[in-house]
Amino acid sequence: MKLHCRDLAPGGHLASLHWMEQNNVLAGMIRNSQNNDVPTWIGLSDIHKEGTFLWNDGSASDFMFWAEDEPSHKNPKEKCVHAFLNNSLYWNDASCNLKLTFLCSYKLVRPSCH
């Protein structure tokens, strides 16, 4: 999924969320595009250090919106994070091998005018 995002656009990566408004926008996108509440990968994981969640784009982990009792680490393979709708968009740690939809993000480049 991360590699697919890179293939879509230069600098592409799984989405990182840094404030509640972004979380709400993602919730709306999931509702509108899927017509149901489909779990969606975001770019947060603790692959590098257990319990230390980092965004795959290198940005600060300054906002978290975990579901109740999450992250649970019920399974040692729960290294990646997906978002799911339950009135609001909450986050859950899960095995990175699950086949889920995913949201990519990339910077838009303004064409230069000469």
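Heads up: the structure comes first, above all this text.
Residues numbered from 1 in each chain as written. Predicted model: local features only at pLDDT ≥ 70, side-chain atom pairs only at ≥ 80, totals over all residues. Heavy atoms only, no water.

Enquirer: Please explain the side chain of glutamate 70 as it appears in this structure.
Expert: Within the secondary structure, glutamate 70 is located in the loop between β3 (54-55) and β4 (78-86). Lysine 74 provides the closest opposite charge to the buried, salt-bridge-free glutamate 70, at an N-O distance of 5.2 Å. Each residue touching glutamate 70, except ones within four places of it in the same chain, is listed here: Trp91, Asn92 and Asp93. (Helix = DSSP H or I, 4+ residues; strand = E, 2+ residues; numbered from the N terminus. Buried < 20%, exposed > 50% of the residue type's maximum accessible area, 1.4 Å probe, protein only. Lys, Arg positive; Asp, Glu negative; His and termini not counted. Salt bridge = Lys/Arg side-chain N within 4 Å of Asp/Glu carboxyl O. Contact = heavy atoms within 4.5 Å.)

Enquirer: Can you walk me through the packing of aromatic side chains in this structure?
Expert: Each aromatic ring pair is summarised here by two numbers: the centre-to-centre distance and the angle between the ring planes. By the definition in use, this model includes seven aromatic pairs. Ring centres of phenylalanine 53 and tryptophan 66 lie 4.9 Å apart, and the angle between their planes is 65°; on these two criteria the pair is classed as edge-to-face. Taken together, the residues phenylalanine 53 in the loop between β2 (40-45) and β3 and tryptophan 66 in the loop between β3 and β4 connect sequence positions 13 residues apart. Summarising the aromatic geometry, the rings of phenylalanine 65 and tyrosine 90 are spaced 5.0 Å apart at their centres and angled 10° between planes, so their arrangement reads as stacked. Pair noted here: phenylalanine 65 is in the loop between β3 and β4 and tyrosine 90 is in strand β5 (residues 88-95), with a separation of 25 residues, a long-range link. (Phe/Tyr/Trp six-rings, centres within 6.5 Å; stacked < 30°, edge-to-face > 60°.)

Enquirer: So what exactly am I meant to see when it comes to the pattern of salt bridges here?
Expert: If charged atoms from side chains of opposite charge come close, those side chains can pair. For the structure on display, the rule yields one salt bridge. Across the salt bridge formed by glutamate 50 and lysine 79, the nearest N and O atoms sit 2.2 Å from each other. Here the residue glutamate 50 occupies a position in the loop between β2 and β3, and lysine 79 occupies one in strand β4, the gap between them amounting to 29 residues.

Enquirer: Even after reading the chapter, I still don't get the nonpolar core, so can you show me in this structure?
Expert: In summary, soluble globular proteins display a tendency toward joint burial of nonpolar side chains. In terms of nonpolar packing, the biggest core is built from 17 residues, with Leu17, Leu26, Ile42, Leu44, Val81, Leu89 and Trp91 touching the most fellow members. Going through the elements one at a time, α2 (20-34), β2, β4 and β5 are the ones with two or more residues in this core. If sequence neighbours within four positions are ignored, leucine 44 has contacts with Phe53, Leu54, Trp55, Ser61, Met64, Trp66, Lys79, Cys80, Val81 and Trp91. (Core = buried A, V, L, I, M, F, W, Y, C linked by side-chain atoms within 4.5 Å.)

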